[in-house]
Every structure is written in C-alpha cells, then in structure tokens.
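Structural overview for review
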Amino acid sequence: MGDDNLHPTVAEFKSFINKHPKLVEKIRKNGSSWQEYYEKWVLLEEDDPYWEQFKDYTNPQQKSDSKTEWVSHLLKMTENIDIKKVQEQVNQLSGTVSTLQEVLGEFKAKEDPTPQRRQFNWFKD
C-alpha cells in the first residue's frame, strides 16, 4: 500500500514521524502503540513543545562527513604501523600468556593434589 492510498492526516503524521526519529525509537523500544502518539499529535498539533524532545538535530550530511573523517583517520593511523614491531609484540605477549598459564598450572597442582591411592593386593599368591 503506497502513500497515495493513505488518509491525508495519516500521510501528514508519517511525514511528522520522519522528522522525529527519536519518537520512532521510543515507540519501538517501549512497545507503545502508534495510535497513542497519533492521537497525541492530533490533539497537540505538530508545533507543540512536547515534540521537541523527539527531534534529531544532527544533519545527515554531517553524520556522513564524520564517518568519512573517521575512516580516513583510521587509514592514516594504519599507514604508520610497523608490521614487524606488531608481530614482535604479539609474539612477546603470546610468550607471556604461556608463561602465566604454566605458573597458574603449577599453583593449581600444588593447591589441589590428586589423592594418591594405595593399591593393596589383598590376595597374594
């Protein structure tokens, strides 16, 4: 069903919802009904201060620009990475973890020795 088949007030409400993305988030998060907010919109009208809390003041172009800047910054950071140094540090860290595992294994063995059972030979030949 396209927008052409909608009642004019419903189409206006849909347009209003698109301008207030935080309202959409709230309705979906709380499980509220669209009907409840539609009725509130009809009663209060679009210019009521109540709706200000649901506006998203960030510009979509601004969001896109910030993502592009973040990616370019990340790429610049990766250009300066010396792969050999990273590999050395990973190997060193791996060795440290192995050593810690060995030490912890020794402590555990000292704390929780398995009881040794004596084997009795009840029937000797």
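In this report, the structure presented in the accompanying data block is examined. Every chain's residues receive numbers from 1 upward, in the order its sequence appears when written. Reporting in this predicted model follows two pLDDT cut-offs: at least 70 for local features of residues, and 80 or more for side-chain atom pairs to be given and counted; totals over whole chains, interfaces and linings ignore these cut-offs and use all residues. Each side-chain value is worked out from all heavy atoms of the structure, with water and hydrogens disregarded.

**What about the overall build of the protein chain?**
A count of helical and extended segments in the protein chain gives five helices and zero strands. In the protein chain, buried positions account for 10% of the 125 residues. In what follows, residue pairs with any heavy atoms lying within 4.5 Å of each other are defined as contacts. Long-range pairs, those at least 24 residues apart, make up 55% of the contacts in the protein chain with a sequence separation of at least 6. When the accessible surface of the protein chain is summed, it comes to about 11,700 Å², and 54% of that surface belongs to carbon and sulfur atoms. Strands here are runs of E lasting at least two residues and helices are runs of H or I lasting at least four, both read from the DSSP assignment and numbered beginning at the N terminus. Accessible area is worked out with a 1.4 Å probe on protein chains only. A residue is then buried under 20% of its type maximum, exposed over 50%, and partly exposed in between. What sets the accessible areas is the Shrake-Rupley method with a 1.4 Å probe; for residues, cover comes only from the shown protein chains.

**Thoughts on the nonpolar core**
Nonpolar side chains tend toward joint burial in soluble globular proteins. By size, the foremost hydrophobic cluster in this structure holds eleven residues: F13, F16, I17, L23, V24, I27, Y37, Y38, W41, W51 and F54. Listing elements by their share of this core, those giving two or more residues are α1 (8-19), α2 (21-30) and α3 (34-44). Beyond its immediate chain neighbours, meaning those up to four positions away, F13 contacts W34, Y37, Y38 and W41. We call a set of buried residues a nonpolar core when its members are Ala, Val, Leu, Ile, Met, Phe, Trp, Tyr or Cys and they connect through side-chain atoms within 4.5 Å of each other.

**As for the side chain of H20**
Counting through the fold element by element, H20 comes out in the loop between α1 and α2. Look past the residues within four positions of H20 in its chain and what remains in contact with it is W51, F54 and K55.

**Examining unusual backbone geometry**
Phi at E45 is positive, roughly 75 degrees, even though this residue is not glycine. Relative to the elements of secondary structure, E45 occurs in the loop between α3 and α4 (60-79).

**Remarks on the packing of α1 against α2**
To get an axis, fit a line to the C-alpha atoms, keeping to the stretch in contact for a helix; angles then go from 0 to 180 degrees between the N-to-C directions. Closest axis-to-axis distance for the α1/α2 pair is 5 Å, and the angle between their directions is 95 degrees. Of the possible angle classes, the one that applies to α1 and α2 is roughly perpendicular. Within the contact between the two elements, α1 uses F16, I17, N18 and K19 and α2 uses P21, L23 and V24. Under the scheme applied here, ten amino acids are nonpolar (Ala, Val, Leu, Ile, Met, Phe, Trp, Tyr, Cys and Pro), four are charged (Asp, Glu, Lys and Arg), and all others, including Gly, are polar. Residue classes in the contact of α1 with α2 are distributed as five nonpolar, one polar and one charged. For classification purposes, angles smaller than 35 degrees are called roughly parallel, those larger than 145 roughly antiparallel, those between 65 and 115 roughly perpendicular, and all remaining angles oblique.

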